[in-house]
Protein chains: 2
Amino acid sequence: MKVKEKLDALRKLMKENNIDVFYIPSSDPHQSEYVAERWKTRKWISGFTGSAGTALVTADDAGLWTDGRYDIQAENELKGSGMIPYITNIPNPVTVYDWLKIKFNSKKDIRIGFDGKVMSVTQVRDIENGLKQFKIYFSTEDLAGKIWKDRPAAPCSIISAHEKYAGRSLSEKIKMIREKMAADKADHFIESSLDSIAWILNIRGRDIPISPVSVSHLIVSKENISYFIDNKKVDKALTEYFSKNGVDLYDYEYINSFIGKKFTKKSVVVLDPARISYEIFSSIPGSAVKIEKTDPVQLMKSVKDAVEIRNMKKALIKDSVVLVRFQMWLEKNLGKRKITELDVSEYITRLRKEQNGYVADSFNTIAAYKENAAMMHYAPVKESQATIMQQGFLLVDTGGNYLEGTTDTTRTYAVGKLSREERKDYTLVLKGHINLVSTKFLKGTTGHALDVLARQPVWNGMYDYKCGTGHGIGSFLNVHEGPQNFSQRMSNVPLEPGMITTVEPGIYKKDKHGIRIENIYLTKKYKNTPSGEFYCHESLTLVPIDTKPIVRSLMNKSEIKWLNDYHSGAFKKLSPYLTQAEREWLKDKTVKI
Amino acid sequence: MKVKEKLDALRKLMKENNIDVFYIPSSDPHQSEYVAERWKTRKWISGFTGSAGTALVTADDAGLWTDGRYDIQAENELKGSGMIPYITNIPNPVTVYDWLKIKFNSKKDIRIGFDGKVMSVTQVRDIENGLKQFKIYFSTEDLAGKIWKDRPAAPCSIISAHEKYAGRSLSEKIKMIREKMAADKADHFIESSLDSIAWILNIRGRDIPISPVSVSHLIVSKENISYFIDNKKVDKALTEYFSKNGVDLYDYEYINSFIGKKFTKKSVVVLDPARISYEIFSSIPGSAVKIEKTDPVQLMKSVKDAVEIRNMKKALIKDSVVLVRFQMWLEKNLGKRKITELDVSEYITRLRKEQNGYVADSFNTIAAYKENAAMMHYAPVKESQATIMQQGFLLVDTGGNYLEGTTDTTRTYAVGKLSREERKDYTLVLKGHINLVSTKFLKGTTGHALDVLARQPVWNGMYDYKCGTGHGIGSFLNVHEGPQNFSQRMSNVPLEPGMITTVEPGIYKKDKHGIRIENIYLTKKYKNTPSGEFYCHESLTLVPIDTKPIVRSLMNKSEIKWLNDYHSGAFKKLSPYLTQAEREWLKDKTVKI
């Protein structure tokens with residue numbers, strides 16, 4: 001079926017069902033960052049393969065909203081489809097609401113269709129707020145799904161126990177949640193976020209390669225724990241584990257009926273409207289008390305315990321060894337044989353496979369040479385990838401999922417001669433990185449309040465990177481987790497000892513170069529004083545930072561001391577895992593500047 | 001009357017009016033920072049003279065809530081009064097609500113009395129929220145006022161035109177407000193904040209010495225401007241000015257009747273619930289649409305125009321000359337004659353009086369020697385003040401109100417031998433000051449996001465100052481104005497070119513010393529770049545910063561450069577206003593380090 005045929009088939013169903021506009025987001029039923037093929041309806045119907053986008057279809061028009069990363073791609077892929085691309089993050093964009101307002105200008109009411117399983121409560125409320133001037137009727141039947149004949153099944157991979165690596169037990173975690181529920185006098189807590197569920201139950205899945213979660217829902221009640229998952233995914237051992245821990249198993253699709261049967265008019269229900277589907281929300285009795293709050297499990301999960309921290313350290317030693325070996329290989333072979341961007345990412349994955357406990361990469365490696373690195377989310381493809389020459393920078397952003405933890409490191413390597421501008425920009429990024437992570441800070445401080453420290457040297461160089469400075473990361477879970485981060489966006493989440501967060505300032509100059517230096521940091525207690533308790537950051541990443549591009553005169557004494565201490569610590573901690581030759585190489589790379 | 005007698009008289013009235021508890025805040029009808037004597041009811045009834053505090057009186061008990069600054073003072077002043085002091089900002093304090101809950105434990109409803117003129121809408125809502133378990137009845141009659149026989153009249157000083165110094169005209173400012181109102185489709189905007197009113201009308205008052213405002217209310221309607229002020233305060237010239245500008249004059253007390261007559265059930269009214277009284281709010285027809293928002297005039301007022309900026313610069317030249325002369329006098333006389341803390345503040349005021357356009361000090365000078373300076377809000381009193389010796393630090397925080405603008409400067413002078421700790425702390429404070437004000441920052445950045453830059457060196461020294469880093473300041477108005485500031489508290493107000501804000505990090509060590517270095521900065525455009533627009537800060541204060549205490553090895557090159565540039569700029573700009581001897585002295589004080 002071509003896009004035009006798909007749209008015509010959808011329009012036929014829309015007409016039969018009296019729908020004015022059908023709304024197709026990129027989300028799955030769990031608002032996951034990485035979505036399984038089954039829920040890529042927007043990609044299927046539009047032919048647009050970018051990761052972000054929303055399609056809207058009316059009787060005689062169709063539009064696709066995506067961001068500036070995908071402007072050229074959307075135009076190419078939508079050509080001749082009858083679907084018009086709109087870019088969202090430009091000045092004065094045509095929004096979905098502008099488009100609908102103009103289209104339905106003469107009407108008083110609009111009938112909007114969407115799949116109630118994949119739209120979150122918040123997404124639906126956004127539509128209501130955006131179209132306040134209309135009377136809106138919603139229909140939640142998945143009309144697009146009805147015409148998608150060869151639609152992939154939901155992923156169905158076996159789940160595995162993760163207790164051994166998890167620290168706190170399932171029952172301890174349920175106790176933490178029930179304490180939170182008791183404070184709200186709640187009877188039930190609905191959890192649809194796959195990373196939260198995996199963390200609570202101490203299980204991991206493999207439904208999609210780069211995120212070790214399993215498609216499922218969970219309801220924690222005062223007396224019961226109800227887990228909604230395809231029973232083919234649960235083997236005998238895990239069935240026993242769940243039974244032992246008082247977890248009742250139900251079919252994945254049963255959750256709405258369950259809520260209909262078990263929740264009463266007097267139930268008090270805690271839920272996160274940004275994380276549960278409109279369909280689940282609608283199945284709760286209307287008069288039940290709904291207490292809406294940010295998923296409390298996200299915060300619990302972000303504060304790692306001693307076992308998780310020990311394991312994260314192990315994972316980062318493994319991945320640091322991988323990147324030491326990669327850099328040695330690169331130096332040895334560059335100029336002797338052809339090395340492309342994909343060669344880089346493939347070689348790194350190959351090195352990871354030699355490490356015990358490696359499961360998969362935690363995201364697709366970004367190996368970006370020279371000006372390609374100026375595109376923050378660049379991913380090399382075979383046909384257009386660059387060959388690494390002996391000039392400028394190679395940026396490599398890569399991470400692995402090990403049973404012990406998830407990693408994410410970026411290094412920018414000088415692979416040959418650098419311009420003065422490249423050296424200066426590299427030094428500013430390094431200064432920003434050090435400025436943020438070397439500061440002691442008072443208990444209660446947010447990552448938002450500290451963010452400016454990483455930007456300060458970059459701003460003084462009259463440049464800004466248009467993204468956050470760092471994100472939380474999972475314990476063998478998702479590479480991007482919250483609720484803490486380093487960002488210009490306001491946040492009221494203070495950094496707490498046990499949180500693990502990346503720091504990755506950068507400079508990206510179009511058609512020139514991209515520079516990013518990223519490590520993973522553990523927030524730790526530093527010192528109790530009469531002024532209060534101070535915290536600090538310890539790098540769990542142990543990969544050497546390329547010192548060749550540094551303009552030493554731009555660095556101050558304390559920055560140089562931080563870098564030298566970082567390198568001597570990395571050498572000491574990595575040495576036991578290296579061969580004699582590797583140790584000698586690393587000694588040279590970590591020499592004091 | 002003794003406190004006991006006053007309380008008994010109040011209780012008699014409470015009984016007659018069926019009131020369970022009478023609530024006496026420290027606020028005036030305008031939620032002013034500096035309150036005229038008429039509204040110091042809490043001070044009158046309790047005998048407690050601290051600036052902050054709330055008194056509660058029941059049939060058989062009475063309490064006074066204040067903060068830790070006043071713990072000893074409250075205990076002394078309340079001794080034998082039958083009123084018990086409670087401190088609010090300690091861990092697990094007994095709050096007003098805890099106290100009432102325990103007291104009225106067996107009751108279902110509470111009848112609360114307060115003066116509806118002086119409690120803001122927000123204050124009343126806080127009570128409602130704090131006592132949700134009760135059914136609450138409010139009575140807004142000022143029973144305490146009824147027994148205060150010798151109560152001072154409301155201040156009644158003549159107001160004066162300020163157009164000459166104001167930049168934007170009254171009609172331009174009304175236009176700005178009406179544009180905001182139009183966006184909300186509002187018919188009326190109620191303004192009770194005295195600094196906002198003075199700014200809008202381009203008038204200044206002298207109802208209380210340190211704040212050039214005048215007690216009054218203002219209502220801007222779509223067609224009319226209604227000013228509620230005692231007509232004795234308006235002379236002929238100003239009556240003409242108001243008439244020419246379409247400002248209708250009404251008696252101060254008439255505002256509630258005016259609202260009752262002119263506002264309809266269909267009126268749309270913009271108001272700031274934190275800034276208008278419960279009584280005024282209650283006079284608005286119940287079915288009128290009330291649009292509650294932070295007083296928009298505060299933001300308009302904070303962004304100074306070219307005329308206001310030029311005038312502020314003039315005011316700061318004058319006050320910088322004053323502080324140069326003061327420091328010369330101090331150096332010349334110290335060790336030769338006795339100089340006390342009050343001598344310092346009196347001499348500075350005397351020097352100010354020599355300057356054209358000086359009206360009054362903008363707050364009571366803090367002259368604090370050695371350990372006295374560790375108390376952030378120290379005010380010397382004759383009986384207990386210190387004599388300045390030739391050892392340690394003298395902290396002087398002082399400001400003047402000139403027709404051209406309001407000033408606020410803090411210097412910490414080394415008056416003799418310093419300890420190593422004193423030198424180090426001084427250097428950390430100076431580094432923090434420079435770190436914040438020398439950074440270029442992207443348009444859209446808040447003072448909250450920048451705040452950490454001032455704390456960074458102080459935090460790395462394992463110390464935190466328990467206050468904000470800086471506050472907005474008025475154009476011959478209040479010394480503390482918003483909405484922008486530098487603070488750890490979250491804020492969504494970005495810094496804008498034209499805003500004028502203090503920067504004043506510090507270190508306060510109990511029984512040892514207090515250090516603060518405060519200048520006033522203008523936010524300015526710096527450079528437009530492909531990454532966006534960058535802003536910077538220019539110091540309007542031109543007072544030399546004592547270089548004697550600096551530990552040079554703790555300063556980095558860019559900090560030293562900032563200080564040297566600051567000093568050479570201050571010398572250049574102040575020289576034309578100094579005598580030859582003063583110029584030579586300043587040359588020496590501003591020599592490069």
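Here the structure is a predicted model, which is why all the values come from computation and not from measurement.

Let's shift gears to the overall build of chain A. Across its full length, chain A holds 19 helices and 28 strands. Seen along its three principal axes, the alpha-carbon backbone of chain A occupies a region of about 70 × 55 × 50 Å. The 593 residues of chain A split such that 59% are buried. In chain A, the share of contacts with a sequence separation of at least 24, taken over all contacts with a separation of at least 6, comes to 69%. Here chain A has roughly 25100 Å² of accessible surface; of this, 51% comes from carbon and sulfur atoms.

A separate point is the relation of the copies chain B and chain A. Rotating chain B by 180° and translating it 0.0 Å along the rotation axis places it on chain A, where the RMSD comes to 0.1 Å. The transformation relating the two chain copies, once decomposed into turn and shift, fits a two-fold axis. Across chain B, the smallest distance between a C-alpha and the rotation axis is recorded for Ala449 of chain B, namely 2.6 Å. The fraction of interface residues of chain B whose copies in chain A are also interface residues reaches 100%, indicating that both copies meet through the same surface.

Residue and element names in this part refer to chain B. Read from one edge of the open sheet, 3 strands run β16-β17-β20, paired in antiparallel fashion. This sheet does not close on itself; its edge strands, each paired only once, are β16 (366–369) and β20 (409–414). Geometrically, the sheet is characterised by an average inter-axis angle of 10° between neighbouring strands, direction not taken into account. Bridging between strand β17 (residues 393–398) and β20 involves 6 bridges; their strand directions are antiparallel. Opposite Thr398, over in β20, you have Thr409 as the bridge partner. Strands β17 and β20 of the sheet are contacted by helix α14 (residues 306–333), whose axis makes an angle of about 20° with β20.

Looking at chain A, the pLDDT average stands at 95 and 100% of residues meet or exceed 70. Reported for the predicted complex are a pTM of 0.92 and an ipTM of 0.89.

The next point concerns the side chain of Ser193 of chain B. With respect to the helices and strands, Ser193 of chain B occurs in the loop between β8 (188–191) and α9 (194–201). Apart from residues no more than four positions distant in its own chain, Ser193 of chain B is found in contact with His30, Arg275, Asp295 and Gln298 of chain B.

Residue and element names in this part refer to chain A. An order of β4-β3-β2-β1-β5-β6 is seen for the 6 strands of this open sheet, with the pairing classed as mixed. Each edge of the open sheet carries a strand with a single partner, namely β4 (84–87) and β6 (135–139). Pairs of neighbouring strands in the sheet enclose a mean axial angle of 25°, with direction left out of account. Bridge count for strand β1 (residues 21–24) against strand β2 (residues 54–58) is 4 bridges, and the pairing is antiparallel. Residue pairing across strands places Phe22 opposite Val57, the latter belonging to β2. Sitting on the sheet, helix α1 (residues 3–16) touches β1, β2 and β3 (62–66), and the angle it makes with β2 is about 60°. Together, β3 and β4 form the strand contacts of helix α3 (residues 71–78), whose direction differs from that of β4 by roughly 170°.

The next point concerns the pattern of salt bridges. Side-chain pairs of opposite charge can arise where the charged atoms are in close proximity. This structure, assessed with the given rule, holds 80 salt bridges over all chains. Close ionic contact of Lys313 of chain B with Glu538 of chain B constitutes a salt bridge, the shortest N to O distance being 3.7 Å. Of this pair, Lys313 of chain B sits in helix α14 while Glu538 of chain B sits in strand β28 (residues 532–539), and the two are 225 residues apart along the sequence. The buried category is assigned to Glu538 of chain B, whose relative accessible area is 17%. With a shortest N-O distance of 2.9 Å, Lys509 of chain B and Glu421 of chain B are connected by a salt bridge. Placement of the pair is Lys509 of chain B in strand β25 (residues 506–509) and Glu421 of chain B in helix α16 (residues 420–437), with a sequence separation of 88 residues. Here the salt bridges do not stand alone but share partners, grouping Glu421, Asp425, Lys509 and Lys512 of chain A into one network.

Of all hydrophobic cores here, the largest spans 82 residues; its most connected members are Leu450 of chain A together with Leu450 of chain B. Dropping the residues within four chain positions of it, Leu450 of chain B is found in contact with Val452 and Trp459 of chain A together with Leu436, Phe441, Thr445, Phe486, Leu495 and His537 of chain B.

Residue and element names in this part refer to chain B. If you check α14, its first and last C-alpha atoms are 41 Å apart, about what 28 residues at 1.5 Å a residue would give, namely 40 Å. Taken across its 28 residues, α14 has 20 buried, putting it largely inside the fold. Where α14 terminates, the next one or two residues include Gly335, which has phi positive at roughly 90°.

The next thing to look at is the packing of aromatic side chains. Residues and elements named next belong to chain B. Counted by the stated rule, this structure contains 42 aromatic pairs over all chains. Here the aromatic rings of Trp65 and Trp99 are separated by 5.1 Å at their centres, their planes lie at 80°, and the arrangement is edge-to-face. Of this pair, Trp65 sits in strand β3 (residues 62–66) while Trp99 sits in helix α4 (residues 96–103); the two residues are 34 residues apart in sequence, bridging distant segments of the chain. Between Tyr241 and Phe242 the ring centres are 5.5 Å apart and the planes differ by 50°, which places this aromatic pair in the tilted class. We classify Tyr241 as buried; its relative accessible area is 7%.

A word on helix α17 (residues 447–460) of chain A. Along an α-helix, residues three or four apart share an orientation, since each turn contains 3.6 residues. Residues and elements named next belong to chain A. Here α17 contains 14 residues, and its C-alpha end-to-end distance of 21 Å stays within 8% of the 20 Å for a straight helix at 1.5 Å per residue. Along its length, α17 reaches its greatest deviation from straightness, about 40°, at Ala454, and the proline Pro457 lies no more than four positions downstream. With respect to burial, α17 is a largely interior element, 13 of its 14 residues being buried. Looking one or two residues beyond α17, the residue adopting positive phi is Met462, at roughly 65°.

Another point: unusual backbone geometry. Residue and element names in this part refer to chain A. With an omega of 0°, the peptide bond running from Gly482 to Pro483 counts as cis. Within the element layout of this structure, Pro483 appears in strand β23 (residues 481–486). Phi is positive for Asn18, close to 60°, though the residue is something other than glycine. Mapped onto the elements of the fold, Asn18 is located in the loop between α1 and β1. Positive phi is not limited to glycine here, since Asn202 has a value of about 55°. Its relative accessible area of 1% is what places Asn202 among the buried residues.

Residue and element names in this part refer to chain A. In this sheet, β4 lies alongside β3 in parallel orientation, the contact comprising 4 bridges. The residue of β4 that forms the bridge with Leu64 is Pro85. At this point the chain moves from β3, through α3, to the parallel β4, and the crossover so formed is right-handed.

The rules we used
- Residues numbered from 1 in each chain as written.
- Chains lettered and ligands numbered in written order.
- Predicted model: local features only at pLDDT ≥ 70, side-chain atom pairs only at ≥ 80, totals over all residues.
- Heavy atoms only, no water.
- Helix = DSSP H or I, 4+ residues; strand = E, 2+ residues; numbered from the N terminus.
- Buried < 20%, exposed > 50% of the residue type's maximum accessible area, 1.4 Å probe, protein only.
- Contact = heavy atoms within 4.5 Å.
- Areas by Shrake-Rupley, 256 points an atom, 1.4 Å probe, with all protein chains shown as cover.
- Least-squares fit on C-alpha atoms with pLDDT ≥ 70 in both.
- Pairing = 2+ DSSP bridges.
- Axes fitted to C-alpha atoms, helices over the stretch in contact; angles between N-to-C directions.
- pLDDT = per-residue confidence, 0-100.
- Salt bridge = Lys/Arg side-chain N within 4 Å of Asp/Glu carboxyl O.
- Core = buried A, V, L, I, M, F, W, Y, C linked by side-chain atoms within 4.5 Å.
- Expected span 1.5 Å × (residues − 1).
- Phe/Tyr/Trp six-rings, centres within 6.5 Å; stacked < 30°, edge-to-face > 60°.
- Bend = angle between axes of the 7 residues up to and from the residue.
- Right-handed = clockwise from strand over helix to strand, strands pointing away.

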